[in-house]
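Read off the chains here:
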Amino acid sequence: MDVSGTSTGDANTRRQEAVKATARQLLVKLSAGGLSLEAVAADSGLAVTDVAAVFPHRDDLLTALVIDAYNTSGAAMEQADQAALDAQASAGARLLAVTRALRAWSFANPAEFTLIYGSPVPGYDAPQETVQPASRTPEALGAIIRSALEAGELTPPPRPLPGPSVLLPTAVEVFGGAPEAPFSDIIERGIVLWSNLIGLLVFQVFSRTHDSVRDQAAFFDRAIAVAAEGIGLVVPLGENTD
């Protein structure tokens, strides 16, 4: 048997991926609150000690799942944005593309969506290492807003937010600096757009709009267009939503 460091590392990676795959399936049945190393071991056919060898505690496993969820959903948005850029789409069309991509990921992975955007998991506090993966979603939105601002695609707000700003310095840094008037409040408006997007997805993934909306995909596009008006961006509607 090859016991070199590389082979051991590869074996650990394969085991980590197998454990996470089982854990994702259990999220659907047990929810994050019911996840445990023992449950994963029983469902995967591994010994608990084998599971604990790669994820010593339940929280380590949850953190890995959280990071994967943020990274895969963020990557879906980034890939959609690159495709829109390659097609020379407007900023509004780019915004529609990336939000549709997050919506598609959310419906394809409802348990993972719930893990990162649903109710907090009892007894679990996400560590600092989840912050960077979690930032991919607002960064994807921020990149489009910044591009629209630089390209002159934004309409100044009819009623600027009153000063002073309530933003933390990190939010300004992520955006690349605070714009001057009449767009000095664009970062705050972008955070509202981000909040609206996640809230809209929560409503749709958890079937909160099915009693009032007959076309969920079309309503999503319209809601994004309405939310984008808050930053002065026009989102084109009427495109294929499949």
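These notes cover the structure that comes with them. All residue numbers here refer to positions counted from 1 along the written sequence of the relevant chain. Confidence filtering applies because this is a predicted model: local features only for residues at pLDDT of at least 70, side-chain atom pairs given and counted only at 80 or more, and all residues used for totals across whole chains, interfaces and linings. Hydrogens and water are ignored here; the side-chain numbers use all heavy atoms of the structure.

## Observations regarding the nonpolar core
Item 1. Membership of the largest hydrophobic core comes to 60 residues, with the highest contact counts inside it found for Leu35, Leu61 and Leu95.
Item 2. Any two residues whose heavy atoms approach within 4.5 Å are treated as being in contact. Non-local contacts of Leu61, meaning those with residues more than four positions away in its chain, are made with Val19, Lys20, Ala23, Leu35, Leu37, Val40 and Phe55. Side-chain atoms within 4.5 Å link the members of a nonpolar core, which is a set of buried Ala, Val, Leu, Ile, Met, Phe, Trp, Tyr and Cys residues. Here the term buried applies to any residue with accessible area under 20% of the maximum for its type, exposed to any over 50%, and partly exposed to those in between, with areas from a 1.4 Å probe on protein chains only.

## Some details on the packing of aromatic side chains
Item 1. Stacked, tilted and edge-to-face pairs are distinguished by plane angle, under 30 degrees for stacked and over 60 for edge-to-face with tilted covering the rest, among Phe, Tyr and Trp rings (Trp via its six-membered ring) whose centres lie within 6.5 Å. In this structure the tally under the stated criterion is three aromatic pairs.
Item 2. Taking the centre distance of 6.0 Å and the plane angle of 70 degrees together, the rings of Phe113 and Phe206 count as edge-to-face. In this pair, Phe113 sits in helix α6 (residues 110-117) while Phe206 sits in the loop between α10 (186-205) and α11 (216-229), placing the two residues 93 residues apart along the sequence.
Item 3. When its relative accessible area of 27% is taken as the criterion, Phe206 is described as partly exposed.
Item 4. Through successive ring pairs, a cluster of aromatic residues spans Tyr70, Phe113, Tyr117 and Phe206. In this description a helix means any DSSP run of H or I spanning at least four residues, a strand means any run of E spanning at least two, and both kinds are numbered starting from the N terminus.

## Section: helix α4 (residues 58-86)
Item 1. The span one expects for a helix is its residue count, reduced by one, times 1.5 Å. For α4, built from 29 residues, the straight-helix expectation of 42 Å at 1.5 Å per residue is met to within 8% by its first-to-last C-alpha distance of 42 Å.
Item 2. Looking at the residues trailing α4, positive phi occurs at Gln88, about 60 degrees.

## Regarding the pattern of salt bridges
Pairing of side chains with opposite charge becomes possible as their charged atoms draw close.
Item 1. Salt bridge criterion: a side-chain nitrogen from Lys or Arg within 4 Å of a carboxyl oxygen from Asp or Glu. Applying the stated criterion across every chain yields a total of twelve salt bridges.
Item 2. When the shortest N-O distance is used, the salt bridge between Arg24 and Glu112 registers 3.5 Å. Highlighted residues: Arg24 in helix α1 (residues 5-30) and Glu112 in helix α6, separated in sequence by 88 residues.
Item 3. Residue Arg24 is classed as partly exposed on the basis of its relative accessible area of 23%.
Item 4. Note that Glu78 is salt-bridged to Arg136, the shortest N-O span being 2.6 Å. With Glu78 in helix α4 and Arg136 in helix α8 (residues 136-150), this pair connects stretches of sequence that are 58 residues apart.
Item 5. Overall, Glu78 belongs to the partly exposed group, its relative accessible area being 34%.
Item 6. Residues joined in a network through salt bridges with shared partners are Glu17, Lys20, Arg24, Asp68 and Glu112.

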